[in-house]
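Examining the three-dimensional arrangement
Here are the chains, one letter per residue:
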Amino acid sequence: LVRPPLKVSPSSLTGAAARIVETVPIGRRIDTGASDDRSRLGEAIHACIAADLATTAKPLDMSEVASILKRMQAADEVDPAALHGQLGALRSWLVSRWPDAIPVIELPVARATSGGQHVQGRTDLVLRTTTGWILMDHKSTPQGRDQWGDLATTYAGQLAAYRDVLQAASGLPVEEMWLILPVAGAALRVEVT
């Protein structure tokens, strides 16, 4: 008898189908070169996005972006000015599309499933609207447009798990799900089945 693991991370879930229903350009593609540690670079970009959006009244300035990249040992892998530009583009898009939404950064989520497993994770960004949630997950991949469909499928299980937990915990619908691609310069609205 093979038992499923007791704890499940949303980022490890696969098997859901996805399709991209909207693509929005966000700023412009940034060069990350031939980074030898994409994971470290992704964590540094993610930290900059989280810090920038955490205080809506005061976005990060260029020196703060450079400082975060340096502390996270990614200063040589991405130009701070280019990343700073992407942060501004992302912030502008969020405010123009959802002007009254409240951003919630790094929201911890957990839920016991009907099968007895415990799903636990942390969303990158959710926006609380007057009627529900907008779920966003950041991916620092440099992949181009031709690979975005595969990217959506790869992360469909993660998005579905976060959606299910948010809806079960709050009783409110997840109205939209997005993959934010700051390196590629785009946001993808994804429907998961």
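Heads up: the structure comes first, above all this text.
First, a word on what this report is: a plain description of the structure on this page.

What counts, and where the lines are drawn
Residues numbered from 1 in each chain as written. Predicted model: local features only at pLDDT ≥ 70, side-chain atom pairs only at ≥ 80, totals over all residues. Heavy atoms only, no water. Helix = DSSP H or I, 4+ residues; strand = E, 2+ residues; numbered from the N terminus. Rg over C-alpha atoms; globule rule 2.2 N^0.38 Å. Buried < 20%, exposed > 50% of the residue type's maximum accessible area, 1.4 Å probe, protein only. Contact = heavy atoms within 4.5 Å. Areas by Shrake-Rupley, 256 points an atom, 1.4 Å probe, with all protein chains shown as cover. Lys, Arg positive; Asp, Glu negative; His and termini not counted. Charge placed at Lys NZ, Arg CZ, Asp CG, Glu CD. Expected span 1.5 Å × (residues − 1). Arc of directions from axis to C-beta. Polar contact = N/O pair within 3.5 Å; in protein donor to acceptor, adjacent residues only side chain to side chain. Core = buried A, V, L, I, M, F, W, Y, C linked by side-chain atoms within 4.5 Å. Axes fitted to C-alpha atoms, helices over the stretch in contact; angles between N-to-C directions. Parallel < 35°, antiparallel > 145°, perpendicular 65-115°, else oblique. Left-handed = near helix turned anticlockwise from the far one by under 90°. Nonpolar A, V, L, I, M, F, W, Y, C, P; charged D, E, K, R; others polar.

1. Quick notes on the overall build of the protein
- When helices and strands are counted, the protein shows five helices and nine strands.
- Secondary structure elements of the protein occur, N-terminal to C-terminal, as β-β-α-α-α-β-β-β-β-β-α-α-β-β.
- For 193 residues, the compact-globule estimate of 2.2 N^0.38 gives 16 Å, and the protein sits close to it at 17 Å.
- Expressed along its principal axes, the backbone C-alpha trace of the protein runs to roughly 50 × 40 × 30 Å.
- Out of the 193 residues belonging to the protein, those deemed buried represent 43%.
- Sequence separation of at least 24 residues holds for 71% of the intrachain contacts in the protein that already meet a minimum separation of 6.
- As displayed, the protein has an accessible area near 9,800 Å², and 52% of this comes from carbon and sulfur atoms.
- Seen as two clouds, the 19 positive and the 21 negative side-chain charges of the protein have centres 5 Å apart.

2. A closer look at helix H3 (residues 80–97)
- Under the 1.5 Å per step criterion, the end-to-end length of H3 is 26 Å for 18 residues, consistent within 8% with the ideal 26 Å.
- Three or more residues of H3 are buried, namely Pro80, Leu83, Gln86, Leu87, Leu90, Arg91, Trp93 and Leu94. Along the long axis of H3, the arc covered by the buried residues comes to 160°, so they all point the same way. Facing away from the buried side of H3, by more than 90 degrees, are the exposed residues Val95 and Ser96.

3. A short note on the environment of Glu77
- By the secondary structure assignment, Glu77 is in the loop between helix H2 (62–71) and H3.
- Along the primary structure Glu77 and Asp31 are separated by 46 residues, whereas in three dimensions their C-alpha atoms are 8.4 Å apart.
- Reaching out from Glu77, the side chain makes a polar contact with the side chain of Arg40 at a distance of 2.3 Å.

4. Describing helix H5 (residues 156–170)
- The end-to-end C-alpha separation of H5 is 21 Å, in line with the 21 Å expected for 15 residues at 1.5 Å each.
- At the exit of H5 stands Gly171, carrying a positive phi of roughly 75°.

5. A word on unusual backbone geometry
- Positioned with a positive phi, Gln73 is a non-glycine residue whose angle comes to about 55°.
- Summarising the element assignment, Gln73 is placed in the loop between H2 and H3.
- Of note in this structure, Glu106 is not a glycine but carries a positive phi near 55°.
- Note on placement: Glu106 falls in the loop between strand S3 (102–105) and strand S4 (108–112).

6. What to know about the nonpolar core
- Counting 30 residues, the largest nonpolar core has Trp93, Leu94, Trp98, Met136 and Trp178 as the members making the most contacts within it.
- Going through the elements one at a time, helix H1 (38–54), H2, H3, strand S6 (125–128), strand S7 (133–138) and strand S8 (174–181) are the ones with two or more residues in this core.
- Of all the elements, H1 adds the most residues to this core, at six residues.
- With near-sequence residues (within four places) excluded, Leu94 lies in contact with Leu53, Pro99, Leu125, Leu127 and Met136.
- Judged by nonpolar contacts, the second largest core, of 25 residues, contains Ala16, Leu151, Ala152 and Ala184.

7. What about the packing of H1 against H3?
- Following both chains from N to C, one finds H1 and H3 inclined at 50°, their axes separated by 10 Å at the closest point. Comparing their axes, H3 and H1 come out oblique. In the crossing of H1 with H3, the sense of the turn from one axis to the other is right-handed. Here Ile45, Cys48, Ile49, Asp52 and Leu53 of H1 come into contact with H3, specifically with Leu83, Leu87, Leu90, Arg91 and Leu94.
- A per-class count over the contact of H1 with H3 returns eight nonpolar, no polar and two charged.

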